[in-house]
Amino acid sequence: MSQASRPAPSPARIVITVVAWLWVLVPFLYGVWQLLIKVVPLFSG
Amino acid sequence: MPDAGFLDRSRIVAPAHWSRWLVPPAALSIHLAIGQAYAWSVFKDPLSATLLKGSSWAGTLSALPFTLGIVMLGISAAVFGTAVDHRGPRWAMVVATTCFGAGFLISAAGMALGQYWLVVVGYGFVGGIGLGIGYISPVSTLIKWFPDRPGLATGIAIMGFGGGALIASPWSTSLLTTFGGSGAHAQAGGIAKTFLVMGIGYAIFMSLGWLLIRVPADDWAPAGWDPALVREKPLVTSANVSARNAIRTPQFWLLWVVLCFNVTAGIGILERAAPIYQDFFKGDTPAKTLTATAAGFVAILSLANMLGRFIWSTTSDVVGRKNIYRFYLGAGAVLYLVLLFAGNANKAIFLIAAMLILSFYGAGFATVPAYLRDLFGTFEVGAIHGRLLTAWSVAGVLGPIIVDAIADKQKAAGLSGTDLYTLSFRIMIGLLIVGFVCNELIKAVDPKFHEPAGGRAVAKEAA
């Protein structure tokens, strides 16, 4: 079984990785933020 | 629509330099979308106020698309699991995107035409097939990319399913408000536009998944990872078992019971979270404040459910799958005991116990693909996972029946507050203990069920 080689990542690959993670993280963090707003009354009530 | 060649597994074998960290966002783009199912309740009131107005069955009918969707999730995961493993994740993700998006579009047409059955068929049946295929589509691929940390990989993806509702709930509420699909003067056309936008939006969002997904080459392994170390761990096999053989093993059915009862125990609180909180902490609290804090309780349970999927599943890579399920089931039973004895005496203890129970509920889903991989290998782990998800469907019926039916009966008998849940919590403890025992009985799979050497290659060629 061969081991994966680790060449220096190309700029295009870095851009794809960043865009891909932002694609899923931005809506996810929006959802978490909206949820935290709802949680506040639980501790302030 | 891409042609068959584009969808073929051979087209998505990753080149040597491909980063495996591009696979989790591909998986998340699918799971964050289909996790919308858990936010269906947002549509219940608008549907009851429009197409179902005046119906004495409005409550049941408005839940029907969701119920059918979850049933179809279990059925399609079981039926199409083998096809997903053999045809590859891109095919599965395209089918899931098409079905899930089309489900919304058919529902939009149903609302626009005043035909509610189209909403049920569209979202529930067609969309439900998308849910099932989408749910299992990235699992075996992630396990192959992360043989050193399968719990982490599946934890990320399945956390996405829990997180999908967090996005869908505020988004669909906002769309309904914008298009006039909610409130006292809700219009069916407003709900139709909301479904239309969501169908198109999710189809675009999910596209990242099938564009980005890659499978590792057969001889690929993570740098520095030694497969020999895997063989040294107990219960972790380097052999492969087909889906057909897996369901003939006691290990599969023991794990089926473990998953079913772990999920039932979580649903026991999750499904009735707001009423449970109100029954425990009603006291002298004004109704409006109690409603807001109960909504906060529901939200914090969602957070615990989601985080548990990632945190505990990742931990399982270190402590082992059998040990982590000992923890979910054993600690879960103890926490239910704490709820029984502490009651409403201490809110902090109540919150911590409920959050941990929900974190174990989510973690049970997230860790099980890695447990399957340990027991049955990677050959048809997606198909085996699909068959195991029927436990979810059973738990989805069992949990609410236990908690709701018992609470209603206790209320009719004149009981109130924490007394409504004493019996159901005791039943949950019993189920968790049975699950614990089943987990203890899980041993390594008998070699007679293993695929012969080279079986994997033969199966791939045949597909």
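Small disclaimer: the values here were computed from a predicted structure and weren't measured.

When you look at the overall build of chain A in this model, what are you seeing that I'm missing?
If you tally the helices and strands in chain A, you get one helix and zero strands. Here chain A holds 45 residues, and 13% of them are scored as buried.

Help me understand the overall build of chain B in this model?
Helices and strands together make up the secondary structure of chain B, namely 20 helices and zero strands. The principal-axis extent of the C-alpha atoms belonging to chain B is close to 65 × 55 × 35 Å. Of all 463 residues assigned to chain B, the portion counted as buried reaches 52%. Taking the intrachain contacts of chain B between residues at least 6 apart in sequence as the baseline, contacts between residues at least 24 apart amount to 83%.

Would you explain the domain arrangement of chain B in this entry?
Reports often express the size of an interface as the amount of accessible area lost when the parts come together. All names here are of chain B. When cut into domains, chain B gives domain 1 (4-212) and domain 2 (227-462). With centres defined by C-alpha atoms, the gap from domain 1 to domain 2 works out at 23 Å. Contributions of two or more residues to the side of domain 1 that touches domain 2 are made by α4 (58-87), α7 (139-145) and α8 (150-179). Counting residues per element, the side of domain 1 that touches domain 2 draws most heavily on α8, which supplies 12 residues. A per-class count over the side of domain 1 that touches domain 2 returns 16 nonpolar, nine polar and three charged.

Would you mind going over the interface of chain B and chain A with me for this structure?
Counting residues at the interface gives 31 residues for chain B, matched by 27 residues for chain A. Mapped onto the side of chain B that touches chain A, the elements with two or more residues apiece are α2 (23-34), α8, α9 (188-212) and α14 (287-319) of chain B. A per-element tally of the side of chain B that touches chain A places α14 of chain B first, with 10 residues. Considered class by class, the residues forming the side of chain B that touches chain A number 22 nonpolar, eight polar and one charged.

How should the packing of α14 of chain B against helix α15 (residues 321-342) of chain B be read in this particular structure?
A pair of packed helices is characterised by two quantities: the angle between their axes and the separation of those axes. Residue and element names in this part refer to chain B. It is at 7 Å that the axes of α14 and α15 come closest, and there the two elements cross at 130°. With respect to their mutual orientation, α14 and α15 come out oblique. Across the interface between the two elements, W312, T315, S316 and V319 of α14 pack against R321, N323 and I324 of α15. For the contact of α14 with α15, a count of residues per class yields three nonpolar, three polar and one charged.

Explain helix α16 (residues 347-376) of chain B here, please?
A turn of α-helix holds 3.6 residues, and therefore any two residues three or four places apart point the same way. Residue and element names in this part refer to chain B. In a regular helix each residue adds 1.5 Å, so 30 residues correspond to 44 Å; α16 covers 43 Å between its end C-alpha atoms and thus fits that length. Along α16, the sharpest kink reaches roughly 35°, centred on T367 and followed within four residues by the proline P369. Within α16, 24 of the 30 residues are buried, leaving the element largely enclosed by the surrounding structure. G377 lies just past α16 and shows a positive phi near 80°.

Would you take a moment to explain the nonpolar core for this structure?
Generally speaking, a soluble globular protein has its nonpolar side chains buried in company with each other. Residue and element names in this part refer to chain B. Within the largest apolar cluster, 152 residues are counted, with the highest numbers of intra-cluster contacts made by I133, L142, I357 and L358. The element best represented in this core is α16, accounting for 17 residues. Here this core gathers at least three residues from each of two domains, domain 1 (4-212) and domain 2 (227-462). Ignoring anything within four residues of it in the chain, the contact list for I133 reads S76, F80, V84, A92, V95, A96 and C99.

Before we go on, may I ask you to explain the packing of α8 of chain B against α16 of chain B in this structure?
All names here are of chain B. Where α8 contacts α16, the axes come no closer than 8 Å and their chain directions differ by 140°. In terms of crossing hand, the pair formed by α8 and α16 is right-handed. Of the residues in α16, those in contact with P150, G151, T154, G155, I158, M159 and G162 of α8 are G362, F365, A366, T367, P369, A370 and R373. Its residues placed into classes, the contact of α8 with α16 shows seven nonpolar, six polar and one charged.

It is not clear to me how helix α18 (residues 390-412) of chain B should be interpreted in this structure. Could you clarify?
Residue and element names in this part refer to chain B. Along its 23 residues, α18 runs 33 Å from first to last C-alpha, staying within 8% of the 33 Å computed at 1.5 Å per residue. The secondary structure elements touched by the buried residues of α18 are α4, α12 (250-270), α17 (381-388) and α19 (422-441). Positioned one or two residues after α18, G414 has a phi angle of 95°, which is positive.

What should I look at first to understand the environment of G181 of chain B in this one?
Residue and element names in this part refer to chain B. In this fold, G181 is placed in the loop between α8 and α9. On the basis of neighbour count, G181 is assigned to the buried category, with 26 C-beta atoms found within 10 Å. The sequence separation of G181 and F43 amounts to 138 residues, and the corresponding C-alpha distance is 9.2 Å. Setting aside residues no more than four positions away along its own chain, G181 makes contact with P46, L176, A186, Q187, G190, I191 and T194.

Before we go on, may I ask you to explain the environment of L166 of chain B in this structure?
Along the chain, the position of L166 of chain B falls in helix α8. Residues L166 of chain B and I136 of chain B lie 30 residues apart in sequence; the distance between their C-alpha atoms is 21 Å. Apart from the residues within four sequence positions on either side, L166 of chain B is in contact with G31, V32, Q34 and L35 of chain A together with S302 of chain B.

Would you mind showing me how to read the environment of G31 of chain A here?
Among the secondary structure elements, G31 of chain A is positioned in helix α1 (residues 11-44). Classification of G31 of chain A as buried rests on a count of 24 C-beta atoms within 10 Å. Once you skip the residues sitting within four places of it in the chain, G31 of chain A turns out to touch G163, L166, I167 and P170 of chain B.

Basis of the calculations
- Residues numbered from 1 in each chain as written.
- Chains lettered and ligands numbered in written order.
- Predicted model: local features only at pLDDT ≥ 70, side-chain atom pairs only at ≥ 80, totals over all residues.
- Helix = DSSP H or I, 4+ residues; strand = E, 2+ residues; numbered from the N terminus.
- Buried ≥ 20, exposed ≤ 12 C-beta atoms within 10 Å, placed from the backbone.
- Contact = placed C-beta atoms within 7 Å.
- Domains from an automatic or database assignment.
- Nonpolar A, V, L, I, M, F, W, Y, C, P; charged D, E, K, R; others polar.
- Axes fitted to C-alpha atoms, helices over the stretch in contact; angles between N-to-C directions.
- Parallel < 35°, antiparallel > 145°, perpendicular 65-115°, else oblique.
- Expected span 1.5 Å × (residues − 1).
- Bend = angle between axes of the 7 residues up to and from the residue.
- Core = buried A, V, L, I, M, F, W, Y, C linked by C-beta atoms within 7 Å.
- Left-handed = near helix turned anticlockwise from the far one by under 90°.

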